[in-house]
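So the chains spell out like this:
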Amino acid sequence: MYHRVADPGSDPWGLSVTPDNFSAHLAALKRDRAVLGMDDFVTQARAGTLPSHAVAITFDDGYHDNLAAAAPLLSAAGLPATLFLASAPSFRQTGYWFEDLADLILDARDPADARVQIGGETVAIRFGPRESADEDRRGWRAWNGGRTQRETLFHALWERIRVLPVEAQTVTLARIGAALGRAPSRSARPMTQAELGDLARGPFTIGGHTVDHVDLPTLDDSEAFAQIANGRTDAEQVATGPVNGFAYPYGRCEPRLGPIVQAAGFSWACTTRHAHVDRRRIDPYFLPRIQAEDRPDIDWLN
Ligand SMILES: [Zn+2]
């Protein structure tokens, strides 16, 4: 599971692999593994014919670097990949709220002392001058806890905003931007619809990842179905083949969602559960995945 092929200074969720490391991963995968497209992978797993060294390459969300950096390296290596597309950030060019939040809080130059309404509560947006750890965030991951006021606040806000309805997420980010007197840079922008078309004519197959990158367990069945099914319809607009696969945003899933994903027309779905696929018995709507690590080797796959 990849998200970005890029080298940002700050990467709170470990979503980026540098182009050099991605290139090294592809060389190692090509040498040591059988790299399949996801549809072939699932078909062979269902038939019980999946080779033990089979792997499939996936990307989530739809970041611009997938086209600019990942696609040329995949094409050069002759390897396929699947992109699970969250369609609204691309089609409406609204950006990703979690990138905007990182931009506004982690990259803030000046101290802040403001209050912002978030989901019906007043939340303090308060931090002082940049601390020494704020000047080098390389290697810092949010799940290890904040080292500075900005990092601690970022993680607390992220948890709070993730579970809000999408309209409230947009409003909240606008309020935070207004309170800080800044607009997010959008350096980690989603592909446009035209760029997605280019991607789909290359080594990428397109899958679904909901319209608004929603936290599905917070939605009822009909809301979840609409997000999943409309996301599939959107994906079909840019895809050059069938849209068979889905991935749960944030990896957030529960058993009731499997039949909903199936009803929306998908044949299989990926979680972020860190495990190898069990070749004796696969659960096609809850396939595990392993998050790629930003290092040259692929030992993290073992
Ligand atoms: Zn995602």
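Above this note sits the structure.
Once that is clear, we can look at helix α1 (residues 19-32). In a regular helix each residue adds 1.5 Å, so 14 residues correspond to 20 Å; α1 covers 20 Å between its end C-alpha atoms and thus fits that length. Inspection of α1 places Asn 21, Phe 22, His 25, Leu 26, Ala 28 and Leu 29 among the buried residues, and these make up the whole buried set. End-on view of α1: buried residues confined to an arc of 170°, all on one side of the axis. Of the residues in α1, the exposed ones pointing more than 90 degrees away from the buried face are Asp 20, Lys 30 and Arg 31.

Let us now look at the coordination of the zinc ion. Those donors, Asp 61 (OD), His 209 (NE2) and His 213 (NE2), are the protein atoms that reach the zinc ion, and they lie 2.0 to 2.2 Å from it. Of note, the donors binding the zinc ion are all from one chain and are spaced D-x147-H-x3-H. Here Asp 61, found in strand β5 (residues 58-61), pairs with His 209, found in the loop between β9 (204-208) and α9 (221-238); they are 148 residues apart in sequence, far enough to count as distant. A relative accessible area of 2% places Asp 61 in the buried class.

An α-helix turns once every 3.6 residues. As a result, residues three or four positions apart point the same way. The end-to-end C-alpha separation of helix α7 (residues 166-180) is 21 Å, in line with the 21 Å expected for 15 residues at 1.5 Å each. Turning to α7, its buried residues are Gln 169, Thr 172, Leu 173, Ile 176, Gly 177 and Leu 180. Projected onto a plane normal to the axis of α7, the buried residues spread over an arc of 135° and lie on a single side. Exposed positions of α7 whose direction lies more than 90 degrees from the buried face are Glu 167, Thr 170 and Ala 178. Tucked into the core, α7 has its buried residues touching α5 (97-106), β7 (112-118), β8 (121-127) and α6 (149-162). At the C-terminal side of α7, Gly 181 shows a positive phi close to 65°.

The rules behind these values
Residues numbered from 1 in each chain as written. Predicted model: local features only at pLDDT ≥ 70, side-chain atom pairs only at ≥ 80, totals over all residues. Heavy atoms only, no water. Helix = DSSP H or I, 4+ residues; strand = E, 2+ residues; numbered from the N terminus. Expected span 1.5 Å × (residues − 1). Buried < 20%, exposed > 50% of the residue type's maximum accessible area, 1.4 Å probe, protein only. Arc of directions from axis to C-beta. Donors = N, O, S within 2.8 Å, 3.2 Å for Na, K, Ca; no water. Contact = heavy atoms within 4.5 Å.

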